[in-house]
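Report on the structure
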Amino acid sequence: VQLQAFGGGLVQAGGSLRLSCAASGRTLSSYGMGWFRQAPGKEREVVAAITWIIGSTRYADSVTGRFTISRDNAKNTVYLQMNSLKPEDTAVYYCAAGTNKVATMTPQRVNYWGQGTLVTVSS
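Cut-off values and rules
Residues numbered from 1 in each chain as written. Predicted model: local features only at pLDDT ≥ 70, side-chain atom pairs only at ≥ 80, totals over all residues. Heavy atoms only, no water. Helix = DSSP H or I, 4+ residues; strand = E, 2+ residues; numbered from the N terminus. Rg over C-alpha atoms; globule rule 2.2 N^0.38 Å. Contact = heavy atoms within 4.5 Å. Areas by Shrake-Rupley, 256 points an atom, 1.4 Å probe, with all protein chains shown as cover. Buried < 20%, exposed > 50% of the residue type's maximum accessible area, 1.4 Å probe, protein only.

**Thoughts on the overall build of the protein**
Across its full length, the protein holds zero helices and 11 strands. Here the C-alpha atoms of the protein give a radius of gyration of 13 Å, agreeing with the 14 Å that 2.2 N^0.38 yields for 123 residues. Projected onto its principal axes, the C-alpha coordinates of the protein cover approximately 40 × 25 × 25 Å. Put simply, of all contacts in the protein between residues at least 6 apart along the chain, 57% involve residues at least 24 apart. Here the protein has roughly 6300 Å² of accessible surface; of this, 48% comes from carbon and sulfur atoms.

**Some points on unusual backbone geometry**
Apart from glycine, the bulk of residues carry a negative phi angle, and the bulk of peptide bonds sit in the trans form. Of note in this structure, Asn76 is not a glycine but carries a positive phi near 50°. Inspection of the secondary structure assignment puts Asn76 in the loop between strand S7 (67-72) and strand S8 (77-82). Judged by its relative accessible area of 28%, Asn76 is partly exposed. The backbone of Ser84 shows a phi angle near 50°, a positive value even though the residue is not glycine.

This is the structure:
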């Protein structure tokens, strides 16, 4: 499985960004897909996760109601729509493929990582 993330950048607080993760590999449907982030000096944390087939989702409490994860099965692409961004959302965001039980997705349960994309939210 190979993952390539796009869409980071600089945005003002209250603004929006959409991250994309293009995935390839023959066994994609057996994985859950997640977005993680890591801020300077902090541990990597799960932001949102989704299953390919049913589209079951989970979100971190800190982003619930502001971020939306979705997937386009035809394009093998996972998106993270981020609205009402806050300075504390500033981090490197990573796309990942891991456990299909997305409610339990943690960095330790990730099998494949994409490269990170930096999101900076200015106040």
